[in-house]
Amino acid sequence: MPIQYYIALAVTLFSIGVVGVLIRRNAIIVFMCIELMLNAANLLLVAFSKTHPATATAPLAGIDGQLFVFFVMVVAAAEVSVGLAIIVMLYRNTHSVDVDFLNRLKN
Amino acid sequence: MGITAIVFWILCALTLFSAIMVLVSKNPVHSVLWLVATFFSISGHYIMLNAQFLAIVNIIVYAGAIMVLFLFVIMLMNLNTRTELKKNLWMKLAGVISGGMLLWILISVVRTYSEQTKVHPVIAATNTGSIGLIKNLGQVLFTQYALPFELCSVLFLSAMVGAVVIGKKN
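For clarity, every value in this text was computed on a predicted model and none was experimentally measured.

**A closer look at the interface of chain B and chain A**
When the parts of a complex come together, some accessible area is lost, and that lost area is often taken as the interface size.
Turning to step 1, where the next piece is worked out: In this assembly, 81 residues from chain B lie in contact with 71 residues from chain A.
Turning to step 2, where the next piece is worked out: A buried area of about 7,100 Å², summed over both sides, lies between chain B and chain A, and 77% of it is on carbon and sulfur atoms.
Turning to step 3, where the next piece is worked out: Contact with chain A buries area across many residues of chain B, yet Leu-23, Phe-70 and Ile-131 of chain B alone supply 10% of it, more than any other trio.
Turning to step 4, where the next piece is worked out: Counting the contacts that link chain B with chain A gives zero salt bridges.
Turning to step 5, where the next piece is worked out: Our count for the chain B to chain A interface comes out at eight residue pairs in polar contact (both at pLDDT 80 or more).
Turning to step 6, where the next piece is worked out: Contributing elements (two or more residues each) for the side of chain B that touches chain A: α1 (3–24), α2 (28–48), α3 (52–77), α4 (89–116), α5 (134–143) and α6 (146–167) of chain B.
Turning to step 7, where the next piece is worked out: Here the residues of the side of chain B that touches chain A are counted per class, giving 55 nonpolar, 18 polar and eight charged.

**Some details on the nonpolar core**
Turning to step 1, where the next piece is worked out: Membership of the largest hydrophobic core comes to 61 residues, with the highest contact counts inside it found for Tyr-6, Ile-28 and Ile-87 of chain A together with Tyr-46, Met-67, Phe-70 and Met-77 of chain B.
Turning to step 2, where the next piece is worked out: Of all the elements in the fold, those that place two or more residues in this core are α1 (3–23), α2 (27–49) and α3 (63–94) of chain A together with α1, α2 and α3 of chain B.
Turning to step 3, where the next piece is worked out: For Met-77 of chain B, the residues in contact, after removing those within four places along its chain, are Ile-28, Ile-87, Val-88, Tyr-91 and Val-97 of chain A.
Turning to step 4, where the next piece is worked out: Membership of the second largest hydrophobic core comes to 11 residues, among which are Ile-63 of chain A together with Val-140, Leu-141 and Tyr-145 of chain B.

**What to know about the domain arrangement of chain B**
Residues and elements named next belong to chain B.
Turning to step 1, where the next piece is worked out: For chain B, the domain assignment lists domain 1 (3–132) and domain 2 (133–170).
Turning to step 2, where the next piece is worked out: For domain 1 versus domain 2, the distance between C-alpha centres works out to 25 Å.
Turning to step 3, where the next piece is worked out: Taken together, the contact between domain 1 and domain 2 spans five residues of the former and four residues of the latter.
Turning to step 4, where the next piece is worked out: Of all residues in domain 1, Phe-53, Ser-130 and Gly-132 give up the largest surface area on contact with domain 2, accounting jointly for 68% of the area buried on that side.
Turning to step 5, where the next piece is worked out: Inspection of the region where domain 1 meets domain 2 yields two residue pairs in polar contact (both at pLDDT 80 or more).
Turning to step 6, where the next piece is worked out: Across the side of domain 1 that touches domain 2, the residue classes tally to two nonpolar, three polar and no charged.

Definitions and limits used
Residues numbered from 1 in each chain as written. Chains lettered and ligands numbered in written order. Predicted model: local features only at pLDDT ≥ 70, side-chain atom pairs only at ≥ 80, totals over all residues. Heavy atoms only, no water. Contact = heavy atoms within 4.5 Å. Buried area = accessible area lost by both parts, 1.4 Å probe. Salt bridge = Lys/Arg side-chain N within 4 Å of Asp/Glu carboxyl O. Polar contact = N/O pair within 3.5 Å; in protein donor to acceptor, adjacent residues only side chain to side chain. Helix = DSSP H or I, 4+ residues; strand = E, 2+ residues; numbered from the N terminus. Nonpolar A, V, L, I, M, F, W, Y, C, P; charged D, E, K, R; others polar. Core = buried A, V, L, I, M, F, W, Y, C linked by side-chain atoms within 4.5 Å. Buried < 20%, exposed > 50% of the residue type's maximum accessible area, 1.4 Å probe, protein only. Domains from an automatic or database assignment.

Printed below as a string of structure tokens:
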């Protein structure tokens, strides 16, 4: 598959995530759209890691890209646990997960 | 059109359709389920690219652990019966337009790129290669990337402590 198909798919997924962050008010769905954007980047990293044909001198060319995807997943898991804890705390204090109420954190 | 291209286009359509359904679903539980469908189709792409370890990890970590965490939180808050407050229609329109312009710019960059590389197109090799296998990934991870791997455990520890501290009642 030519790489530009994968790039087009990944940027479309990323744009869908951006639109979701902009138009939804539910904090959990905004969070899920961030996950969608992370996955678009992951897909692009994996696709680019496969553009290096293996040679005799470098049989593992491109493996760094796939390891980066692994680390992105690790960081995403940590981020989700803290983020959901923040959302639960927000819900406990305001009884709402509407992001427009987030300005109450000011005082 | 070979079988690889057919599978690729079907997976693309599934990915984009379920990603859009994440946005337009009114019920947050349905959004979570559509996001799981998105992750499964992205895993299908990984399998096509012969990144088998990442495909399995994507299903186990994302579709398994993270999405279950989302479902737990949604059910804890009992959001599935409540409808979202109506957002200003103009704000929604502005969001869609700005996201669409971002997509337009990025797609035109991709089109320019594909015209420039028409003679020697860059190919992402499907159904071949051994860099996605767990043996090779593990060898590189535990030798060259051993320090970042250990730092990840510190990150997880701090995330765990942070989640407990934030979630604690006062």
